[in-house]
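Results of the structural survey
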Amino acid sequence: MAGDKAVAQVWASRWVFILAATGSAVGLGNIWKFPYMTGVYGGGAFVLMYLLCIALVGMPVMLAETIIGRRGRHSPVVSLQHLAAEQGASSRWAYGAVMGLVCGLLILSFYSVVAGWSLSYIIDMGKGTFSGISGEQAGAAFGALTADPVKLILFHTVFMLMTAWVITRGVVAGLERALRWMMPVLFLLLLILLGYSLTTGHFMQGVEFLFHFDPAKVSEGLLPALGHAFFTLSVGVGSIMAFGAYMPRRAPVGATILTVGLLDTVVALGAGLALFPIVFAAGLEPGAGPGLMFVTLPVAFGNIAFGQVMGVVFFVLVAVAAWSSSISMLEPAVAYFSDRHAGGRVRFTWLLALVCWVLGIGTVLSFNQWAELKFFVSGSDGFALWAWGVEGGKTFFDLVDYLTSRIMLPLGGLIFVLFAGWILGRAVLREELEVQHPLLLNGLLLLLRVVAPAGILVVFVTELLK
Ligand code: PHE
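Residues numbered from 1 in each chain as written. Predicted model: local features only at pLDDT ≥ 70, side-chain atom pairs only at ≥ 80, totals over all residues. Heavy atoms only, no water.

As a further point, take the overall build of the protein. Within the protein one finds 17 helices and two strands. Its C-alpha atoms give the protein a radius of gyration of 22 Å, within 12% of the compact-globule value 23 Å for 466 residues. Each of the three principal axes of the protein carries a C-alpha extent, and together these read 65 × 50 × 50 Å. Buried positions account for 59% of the 466 residues belonging to the protein. Roughly 18400 Å² of accessible area belongs to the protein as shown, and the carbon and sulfur atoms make up 68% of that amount. Of the side chains in the protein, 25 bear a positive and 23 a negative charge, and the two mean positions are spaced by 12 Å. (Helix = DSSP H or I, 4+ residues; strand = E, 2+ residues; numbered from the N terminus. Rg over C-alpha atoms; globule rule 2.2 N^0.38 Å. Buried < 20%, exposed > 50% of the residue type's maximum accessible area, 1.4 Å probe, protein only. Areas by Shrake-Rupley, 256 points an atom, 1.4 Å probe, with all protein chains shown as cover. Lys, Arg positive; Asp, Glu negative; His and termini not counted. Charge placed at Lys NZ, Arg CZ, Asp CG, Glu CD.)

See the structure below:
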C-alpha cells in the first residue's frame, strides 16, 4: 500500500518547516477573524484568554503534532496508526486524525468564501472605488458585496480552484518560495497600517480596547478564545502533523514551534492594534462581526497617500496568506485518500475541492438568501433544529464555524496531546526533543499530559454549565 511508504524526502532545514507552518498558521484567522472576534467578545478579556489558550493549550498541541508527525513520517492518519501499533496502543487513536481531516474540509468551505471577499477587494481597491470613503460608505460597500450571491460564488470558485490547483500540480514548493518574501512584506504593510492608526488620534482607545481586562466578559468569550487559539495556529486538524513528517531529525522542535507560535501571535496582535483605532476613528462598531476588516481597511487605504496601491498590495497579501493556509486544510484529506488508492491524487483533489465548494455555497447564502435560516434555535417555545426568520440561532456559516472551531478542533487537539503525552511517553519525548534536563522534560510532559488536556476540558465543562 502506498500509504505504508515512509516519507522519503526531508526538508533541507528547519527553516522550511517554519515557513510552511507559518504559512499555514498566518492567514485569515489573524487578520480577519481575530479582530472581529475580539470586537464581538468585548476586547481585552477575550485577548487575554486567547493568549493564555495559545500558551497553555495551543502550543502544547503544536508540539504534540510536530513530534507525532516527525516520528510517524506518514500522513496523519497513518502516522497515528503506526505509532499506536509500535506502542501497543489501540489503533482507534487514528480517529482523531480522521476527524481532523473532515474538520479541515469543513473549514476550507467557508474559508474559501471569505478569501473570495479579499479577491473582490483587490479589484475594488485597484479601481479606486474606496478613495475618500467614509465608514458608513465602506459598510454599505461590504453589504452590497455580501448581498450578491453570484459575485460571492464567483470569487469562492476562483479561490477554490487556486487551492486545488496548487495541490494537484504539487507546486507547494513554489508557493513556499513566494511566501519567503511575501511574509516580510505583509509584516511591513501591517507596520504601515499601524503607522496610520497612530495618526488617527484614537490609537490609545484601540490599545485600551485590546488590553483592558474586564472580568465580567470572561465566561462569554472562553470557548471562542480556545477555539480561535486552535484555528489560528492550524492545530487540531493534522496540518502541522503533516508538515512535521518532513522535518529533519536533528532540528530543535521546541525552538522551532515557538518561532511559529510567536510569529502568528504577533501578526494577530498587530492586525488588532492596526484595525481598532481606525474602527473608533471612523465611528464604526467594534462588534460588527465578520465584516469588520472589510469595512475598516477601505477607510484606512481610502484616506492615505498611495492608499490605492498599498490597498491592492495588502489584499493580495491577505489572499496569498489565505492561500498558503487553505492548501494545508485540504492536503491532509488528499494525502489520506490518495494513500489508500494509489494514483488517484489529482482525482481526489478535485473531488474533495468540489465537496468543499458545494458546502461553501451554504456559507455564501448565509449572508443573503439564507440569512433568515437559523440552526439550533433555542427560544421561549423550546428548541428547534432549524427554523426560518427567528431571533437567535446560527446561520449556516455560524454553524460550520461553531462545529469546527469550538468542537472539532479542541477535541482533535485533545486526542493528539493525550497521545503524545501518555502513549508516546517519556522515553520517546526525551529522544524527540533532545532535552536532557529532567526538570525541562518533566515540565513539558506535565504540559502535554495534564495542563493542556485539563485546559480543554475545563473550558468545555464551563461552557456546558453556562
Ligand atoms: N491558521 C489558519 C489561519 O489563521 C487557518 C487554518 C486552520 C489553517 C486550520 C489550517 C488548519 O488563517
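Here the focus is a nonpolar patch on the surface. Taken together, L48, L52, L56 and F213 make up a surface patch of nonpolar side chains, about 340 Å² in accessible area. Note on L48: relative accessible area 38%, which makes it partly exposed. (Patch = residues over 30% accessible without salt bridge, like charges linked within 9 Å, V, L, I, M, F, W, Y side chains within 5 Å. Salt bridge = Lys/Arg side-chain N within 4 Å of Asp/Glu carboxyl O.)

All right, on to the side chain of H156 then. Residue placement: H156 occurs in helix 7 (residues 149–169). H156 gets classed as buried once you look at its relative accessible area, which sits at 0%. Filtering out sequence-adjacent residues up to four positions away, H156 remains in contact with S109, S112, V113, G116, C356, W357, G360 and I361. (Contact = heavy atoms within 4.5 Å.)

Here strand 1 (residues 373–379) runs beside strand 2 (residues 382–388); their pairing, made up of six bridges, is antiparallel. Bridging across to strand 2, V377 finds its partner in A384. Between the end of strand 1 and the start of strand 2, which pair antiparallel, lie two residues. (Pairing = 2+ DSSP bridges.)

A word on the confidence of the model for the protein. Detail in the predicted coordinates should be disregarded across regions flagged by low pLDDT. Summing up the model confidence of the protein, the mean pLDDT is 91 and the portion of residues at 70 or higher is 95%. Within the protein, the lowest mean pLDDT, 80, falls on helix 8 (residues 172–199), and the highest, 97, falls on helix 5 (residues 95–127). Scored below 50 in pLDDT, residues 1–8 makes 17 contacts in the model with residues more than four places away or belonging to other chains. (pLDDT = per-residue confidence, 0-100.)

The next subject is the site of the ligand. Inspection of the region around the ligand gives 15 residues, with A25, G29, Y111, F231 and S234 positioned closest. With respect to the ligand, the side chain of Y111 contributes an N or O atom lying 2.5 Å from an oxygen atom. A distance of 2.7 Å is found between a nitrogen atom of the ligand and a backbone nitrogen or oxygen belonging to F231. With the chains in place, 100% of the 320 Å² that the ligand exposes on its own is no longer accessible. Elements with a contribution of two residues or more to the shell around the ligand: helix 1 (14–25), helix 2 (28–40), helix 10 (218–233) and helix 14 (307–340). (Near = heavy atom within 4 Å. Polar contact = N/O pair within 3.5 Å; in protein donor to acceptor, adjacent residues only side chain to side chain.)

The next point concerns the packing of helix 9 (residues 203–211) against helix 12 (residues 253–281). One can describe the packing of helix 9 onto helix 12 by two numbers: an axis separation of 8 Å at closest approach and a directional angle of 125 degrees. Accordingly, the angle class assigned to the pair helix 9 and helix 12 is oblique. For the element pair helix 9 and helix 12, the recorded crossing hand is right-handed. Counting all contacts with helix 9, which are made through F203, Q205, G206, V207, F209, L210 and F211, the residues of helix 12 involved are L269, G272, L273, F276, P277 and F280. A per-class count over the contact of helix 9 with helix 12 returns ten nonpolar, three polar and no charged. (Axes fitted to C-alpha atoms, helices over the stretch in contact; angles between N-to-C directions. Parallel < 35°, antiparallel > 145°, perpendicular 65-115°, else oblique. Left-handed = near helix turned anticlockwise from the far one by under 90°. Nonpolar A, V, L, I, M, F, W, Y, C, P; charged D, E, K, R; others polar.)

Before going further, it helps to spend a moment on unusual backbone geometry. The residue F376 is not glycine, and still its phi comes out positive at about 50 degrees. Locating F376 in the fold gives a position in strand 1. Although it is not a glycine, E434 adopts a positive phi angle of roughly 50 degrees.

Among the secondary structure elements, E86 is positioned in helix 4 (residues 76–86). Classification of E86 as exposed rests on a relative accessible area of 51%. C-alpha separation for the pair E86 and L447, spaced 361 residues apart in sequence, amounts to 23 Å.

This brings us to the pattern of salt bridges. Inspection of every chain in the model, using the stated rule, returns nine salt bridges. The closest approach of N and O atoms between D401 and K33, which form a salt bridge, is 2.8 Å. Remark: K33 occurs in helix 2 and D401 occurs in helix 16 (residues 396–433); sequence separation between them is 368 residues. With relative accessibility at 2%, the residue K33 sits in the buried group. R71 is paired through a salt bridge with E86; the nearest N and O atoms lie 4.0 Å apart. In this pair, R71 is assigned in helix 3 (residues 44–72) and E86 in helix 4, connecting sequence segments 15 residues apart. Here R71 falls in the partly exposed class, since its relative accessible area comes to 23%.

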